[in-house]
Amino acid sequence: MPASVTILHLEDSALDCELACAHLTKAGIHCNVSRVETRDSFIAALDPQRYDLILADFSLPGFDGMEALRIAKERVPQTPFLFLSGRMGEETAVEALKQGARDYVLKHRLARLPAAVSRAIDEARTLADRQRAEESLSRLHQAIDDIRDYAIFTLDLGGRVTSWNEGSRRLFGHAEAEVLDRPLAMLFAPEDRSRHEVDSALAQAAATGRHEVEWRHAARSGRRFWGSCVLTTVRDSAGAHIAYSVVVRDVTERRAAEAALRESEAQFRTITNAMPQLVWTATPDGAPDYFNENWCDYTGLSMRRSVGDGWIAVLHPDDRARTVACWTQSARTGDGYEIEYRLRRSDGLYRWHLGRAQQLRDDAGRTMRWFGTCTDIDDAIAARKALADSRKDLERLVEARTAELVAANDRLRAEVSERERAQADLSTLYAKTPVPLHSLDSQGRLLSVSDRWLEFMGYDDRGQVLGRHVTDFMPEECARLHRDERWPVLLRDGVVRDLPYRFIKRSGEVADILVSARIERDEQGNFLRTMGAIVDVTARLRAEAERERAEEALRHAQKMDALGQLTGGIAHDFNNLLTAITGNLELLIARLGFGDQETLRGYASNAKAGATRAAALTQRLLAFARRQPLRPDTTEPDRLVRGMEDLLRRTVGEQITIEARMAPDVWPAWCDANQLEIALLNLAVNARDAMPAGGRITIAAENVHLSDKELPLGSKPGDYVRLSVGDTGSGMPPDVINRAFDPFFTTKPIGQGTGLGLSQVYGFVNQSHGLVRIESQPGRGTTVSLYLPRCLVERAARPVEVPESVGAPAPDATGADDTAGTILIVEDEALVRMVAVQALEDAGLEVIEASSGAEALELLDGGIRADLMVTDVGMPGMNGRQLAEAVRARRPDLGVLFMTGYAYDATLGTGILEPGCEVLHKPFETGALVARVTEMLAGAGTAPPRAASFSVRRTAQERRAD
């Protein structure tokens, strides 16, 4: 009898409730009673975790006990229900018991109440305990059946096989009948069968209770493999040793991996010692534990002195704190490690090195080791090597609990089998399971389904599905596969696992699922039913497809970035050559007279025109490579397009109509308006070429908001302005769309296109932090959409731009402007420096030369007067950006004009000029250089000009000598 119980009492009489409590207390049952009177208060009080028992009067005002019983069975079916009533007929009482009441007690016989309460609570607890035991037994049985990657069998005390699981058959290839009562030695190759080794292993297991050993086995097919064997003793309830349990796992691949790892480590040391870099490794927590021979030779430290914190000693004192902090942060967070620092050579000289490290991770994402290199960058040498990934860790050995599970399964098998034979209809067992379950007859018709199955498929009642063939719920192709292949396999093997199917729900939606099923038979082996379980994998398959699309977008972005790096580098070097060529040609033309030399002037002019065309090509390459500097500002798409309409109509011709569709409230965009005009003009020309017989071009602008799902990797979600150019032309097939942005790719005939138009558009939009999309079908036209970031700031004042190519104003004989001053020009390329100095001196400006950043700083520190500094960007040692920062620290008011053919990395960072700086692209005409210099001098308010003349150039050394 329970000592204390909690009771929910449905009773409209407080006195009757107190009498019931008094009888329970008198019987030694302490009770905590909550009394309710109405239907609503009864429903609100129902809680399966709160009450041990429900007592209910049969007759209540506006409510009756039978309805209360029905509500309780729906909401708290595990809580026992007793009627305590003053009047309840025999027939009514029997009906109440049929409906699920545990008992009934009449109020004039309250002496029976304690016994009824105690019995009802004890029965409920016994039933709950039994259900939990059945669930535990089912999980145990399933776990044993699922162990297929391990061979698990038992031996008698003489070493002969007494049981054999499915994993043993899969590993060794022997059926159970072939090995029962056979010695353990039969599982070894003939040449490895040693009775002494087997007896020794069994003896050690008997002595210690557990013994592990690795043996070479032979499968039935003749295959030799290494197995990791765990032998444990099996004892009876009295503790007597009665058998051995053996668990075998195939470790052939692991042993091969260990041998390969040893060989790999030896090769690693050989390779690292042959590498020119300084190579090191570190433990997962960041402690260096290996340095190659090059490190020891360079630093003069032995490996023993370098490991741990010893390597810090060769760092330059000024670099130690930031280097150690950076490495500590990377080791703690797992972020990439990359930093520049100075290392002391064995002779005491410090040289700059680039330190890099990356993690080697296992499949779970855990750090296994750090691999790092130190590359000497004093002479601009950068070398990077990637280290091979090691294989994932092998799975852990099966715990000794496996043997306990097998024993427990044997003890419970008889009881479970008896219960399964006694249940004619399995539907009540799994009706409330959260997994969709169904059973089929031998013809494949539905015998029963769980509630979750009905919910998943969208049906309200079992009558809508029972008796129907399971293929009625499948698409035709899936139904055919089931009938012809999978159903025969299930009937033959008795079990299938995780087979992919597609089911059609009542709503028409098609779901991707995995089905596992097995056949249940009676004692004579006759077919009873198939039991099947469904796992919905629709969302997972969609996620995998989305991930594949994202990976493809990432690969495309990496390809385009690599092409951009290549074209940008070529344009940079080519621009330096063109600057020297065009500059010298201009100086030559200026110095050639007329008359007999007119022919020579014509030749020089033709050469200069060719160089100018080459310069235009490099600018398009830089646009694709996203290396041209931008001047972004508030750009109103409607105003820009309206202003271009006349130009576009003249460009595309009269056969093509242009229609502008601008949303009335379109946002301003944050981009370079000039570059946007060039991009739209390129797209209009492409659209024109796709419509040789005429057609329509539609230019539209609208506001859009793009989320993470709509954007490729690396793009930020938010508000964008979509500018689209559509045509009614021939369209493009998918393979052409995939290559449309590749530089030099064109479908036009040879000589009619450079293949850089769309490449330039792609580079400009990406540099503006936007994206480009193409929609096209052959014969249905093409629409190219530019997504540009929305501008959230007011329009900024834009500086006046001076043209840098054909048409730039040239200096006259008395000077280029009303402004003059002293120019400090810094350029490591002698030919380019000579052209720039001569052009500025011809314009009447005083010029001081320097061939490097260090020389320029030396001149400024020496006290020279300079009104403007003109510097190259890409120079050895200190580059133009670093020089500008150093000069600004000394002379904050000194203007800086960058000359570059590769301005993006050196001066702009993000592609936007800093205040007080201007940029001049190589190749430039000397007139453009003089115009830009005089403009900046005029803004600075320098002294009046001196008379211009052709003069002999003086070097920086000569000027210092003066």
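For the structure itself, consult the block above.
What this report covers is the structure whose coordinates are included nearby. (Residues numbered from 1 in each chain as written. Predicted model: local features only at pLDDT ≥ 70, side-chain atom pairs only at ≥ 80, totals over all residues. Heavy atoms only, no water.)

A look at the overall build of the protein
Then, number 1: If you tally the helices and strands in the protein, you get 28 helices and 34 strands.
Then, number 2: Counting every position in the protein, which comprises 962 residues, the buried fraction comes to 44%.
Then, number 3: When the accessible area of the protein is evaluated, it comes to approximately 49,800 Å², of which 51% is carbon and sulfur surface. (Helix = DSSP H or I, 4+ residues; strand = E, 2+ residues; numbered from the N terminus. Buried < 20%, exposed > 50% of the residue type's maximum accessible area, 1.4 Å probe, protein only. Areas by Shrake-Rupley, 256 points an atom, 1.4 Å probe, with all protein chains shown as cover.)

Details of the pairing of strand S30 (residues 822-826)
Then, number 1: The buried count for S30 comes to five of five residues, which makes it a mostly enclosed element.
Then, number 2: In S30, alternate side chains face the same way, and those of Thr-822, Leu-824 and Val-826 on one face and Ile-823 and Ile-825 on the other are all buried.
Then, number 3: Here S30 pairs with strand S31 (residues 846-850) via five bridges, running parallel. If you follow Val-826 over to S31, its bridge partner there is Ala-850.
Then, number 4: The β-α-β motif built from S30, the intervening helix H23 (residues 830-842) and the parallel element S31 has right-handed crossover chirality.
Then, number 5: Relative to strand S32 (residues 868-872), S30 is paired through four bridges, and the arrangement is parallel. The partner of Ile-825 across the bridge, within S32, is Val-870. (Pairing = 2+ DSSP bridges. Right-handed = clockwise from strand over helix to strand, strands pointing away.)

Points about the nonpolar core
Then, number 1: Among the nonpolar cores identified, the biggest contains 41 residues, and Val-641, Leu-676, Leu-680, Ile-697, Ile-699 and Leu-786 are the most heavily contacted of them.
Then, number 2: Ranked by residues supplied to this core, first place goes to helix H20 (residues 673-689) with six residues.
Then, number 3: Residues Trp-453, Phe-456, Val-465 and Ala-479 belong to the second largest nonpolar core, which totals 25 residues. (Core = buried A, V, L, I, M, F, W, Y, C linked by side-chain atoms within 4.5 Å.)

Brief notes about helix H25 (residues 880-890)
Then, number 1: What H25 keeps buried is the set Gly-880, Leu-883, Ala-884, Ala-886 and Val-887. Considered in projection along H25, the buried side chains sweep an arc of 165 degrees and stay on one side of the axis.
Then, number 2: On its buried face, H25 is in contact with S30, helix H24 (853-861), S32 and strand S33 (895-900).
Then, number 3: Of the residues flanking the start of H25, the one acting as N-cap is Asn-879, its side-chain oxygen 3.1 Å from the backbone nitrogen of Arg-881. (Arc of directions from axis to C-beta. Contact = heavy atoms within 4.5 Å. Polar contact = N/O pair within 3.5 Å; in protein donor to acceptor, adjacent residues only side chain to side chain.)

Examining the sheet that holds strand S27 (residues 718-727)
Then, number 1: Spatial ordering of the open sheet is given by S24-S26-S27-S29-S28, a layout of five strands whose pairing is mixed. Every other strand in the sheet has two partners, leaving strand S24 (656-662) and strand S28 (771-776) as the edge strands with one partner each. On average, each strand axis in the sheet is inclined to that of its neighbour by 20 degrees, with strand direction left out of account.
Then, number 2: The pairing of S24 with strand S26 (residues 695-706) spans seven bridges and is parallel. For Met-662, the partnering residue across the bridge sits in S26 and is Ala-701. (Axes fitted to C-alpha atoms, helices over the stretch in contact; angles between N-to-C directions.)

Description of the packing of aromatic side chains
Two aromatic rings are characterised by how far apart their centres lie and by the angle between their planes.
Then, number 1: All told, the structure shown has 14 aromatic pairs when counted by the stated rule.
Then, number 2: Taking the centre distance of 5.0 Å and the plane angle of 70 degrees together, the rings of Trp-327 and Tyr-337 count as edge-to-face. Linking Trp-327 in helix H12 (residues 320-333) with Tyr-337 in strand S15 (residues 337-344), this pair joins segments that are 10 residues apart in sequence.
Then, number 3: Taking the relative accessible area as the measure of exposure, Tyr-337 reaches 4% and is therefore buried.
Then, number 4: Summarising the aromatic geometry, the rings of Tyr-459 and Phe-473 are spaced 6.0 Å apart at their centres and angled 90 degrees between planes, so their arrangement reads as edge-to-face. (Phe/Tyr/Trp six-rings, centres within 6.5 Å; stacked < 30°, edge-to-face > 60°.)

Re the side chain of Asp-103
Then, number 1: The residue Asp-103 is located in strand S7 (residues 103-106) in this model.
Then, number 2: Looking at Asp-103, its side chain comes within polar contact range of the side chain of Arg-119, at 2.6 Å.
Then, number 3: With sequence-adjacent residues up to four places away left out, Asp-103 is seen in contact with Phe-81, Leu-82, Phe-83, Leu-97, Arg-112, Ala-116 and Arg-119.

Points about H20
Then, number 1: Look at H20: 24 Å from first C-alpha to last across 17 residues, which is about the 24 Å you get at 1.5 Å a residue.
Then, number 2: Between the side-chain oxygen at the start of H20 and the backbone nitrogen of Asn-674 there is a gap of 3.0 Å, and the oxygen is on Asp-672. (Expected span 1.5 Å × (residues − 1).)

What about unusual backbone geometry?
Then, number 1: One non-glycine residue, Asp-181, lies in the positive phi region at around 65 degrees.
Then, number 2: Residue placement: Asp-181 occurs in the loop between helix H7 (176-179) and helix H8 (195-208).
Then, number 3: Although it is not a glycine, Asp-498 adopts a positive phi angle of roughly 50 degrees.

Notes on the pattern of salt bridges
Then, number 1: In this structure the tally under the stated criterion is 52 salt bridges.
Then, number 2: Ionic pairing is found between Asp-16 and Lys-107, a salt bridge with its closest N-O pair at 2.7 Å. Separated by 91 residues along the polypeptide, Asp-16 in helix H1 (residues 14-26) and Lys-107 in the loop between S7 and helix H5 (113-146) bring together distant segments of the chain.
Then, number 3: Given the relative accessible area of 22%, Asp-16 is considered partly exposed.
Then, number 4: Each of Glu-11, Asp-16, Asp-57 and Lys-107 takes part in a single network of salt bridges with overlapping partners. (Salt bridge = Lys/Arg side-chain N within 4 Å of Asp/Glu carboxyl O.)

Digging into the packing of H24 against H25
Packed helix pairs are specified by the crossing angle of their axes together with the interaxial distance, meaning the distance between the axes.
Then, number 1: Taken N-terminus to C-terminus, the directions of H24 and H25 make an angle of 10 degrees; their axes are 10 Å apart at the nearest point. As far as their axial angle goes, H25 and H24 are roughly parallel. Across the interface between the two elements, Gly-853, Ala-856, Leu-857, Leu-860 and Asp-861 from H24 touch Leu-883, Ala-886, Val-887 and Arg-890 from H25.
Then, number 2: Residue classes in the contact of H24 with H25 are distributed as six nonpolar, one polar and two charged. (Parallel < 35°, antiparallel > 145°, perpendicular 65-115°, else oblique. Nonpolar A, V, L, I, M, F, W, Y, C, P; charged D, E, K, R; others polar.)

Regarding the environment of Asp-16
Then, number 1: Remark: the alpha-carbon pair of Asp-16 and Ser-85, spanning 69 residues in sequence, is separated by 9.6 Å.
Then, number 2: Other than its neighbours up to four places away in sequence, Asp-16 contacts Glu-11 and Lys-107.

Details of the packing of helix H19 (residues 637-652) against H20
Then, number 1: Packing of H19 against H20 leaves a shortest axis separation of 10 Å and a crossing angle of 35 degrees. As for the relative orientation of H19 and H20, their crossing is right-handed in sense. Contacts between H19 and H20 pair Leu-640, Val-641, Met-644, Leu-648, Thr-651 and Val-652 from the former with Ala-673, Leu-676, Glu-677, Leu-680, Leu-681, Ala-684, Val-685 and Arg-688 from the latter.
Then, number 2: Split by residue class, the contact of H19 with H20 holds 11 nonpolar, one polar and two charged. (Left-handed = near helix turned anticlockwise from the far one by under 90°.)

Quick look at the environment of Ser-448
Then, number 1: Tracing the backbone through its elements, the reader meets Ser-448 in strand S19 (residues 446-449).
Then, number 2: Take Ser-448: its relative accessible area is 4%, and that puts it in the buried class.
Then, number 3: Placed 11 residues apart in sequence, Ser-448 and Leu-437 show a C-alpha to C-alpha distance of 8.4 Å.
Then, number 4: Looking at Ser-448, its side chain comes within polar contact range of the side chain of Ser-439, at 2.6 Å.

Topic: the sheet that holds S19
Then, number 1: Here we have five strands laid out as an open sheet, ordered S19-S18-S22-S21-S20, and antiparallel in their pairing. The sheet is open, and its two edges are formed by S19 and strand S20 (495-504), each paired on a single side. Here the average twist between neighbouring strands, direction ignored, is 30 degrees.
Then, number 2: In this structure, S20 lies alongside strand S21 (residues 510-521), joined through eight bridges in antiparallel fashion. Within S21, the position partnered with Pro-500 by the bridge is Leu-514.
Then, number 3: This element, helix H16 (residues 476-493), spans strand S18 (437-440), S20, S21 and strand S22 (527-536) of the sheet and lies at about 160 degrees to S20.

A short note on the environment of Val-515
Then, number 1: Assignment of secondary structure puts Val-515 in strand S21.
Then, number 2: Note on Val-515: relative accessible area 10%, which makes it buried.

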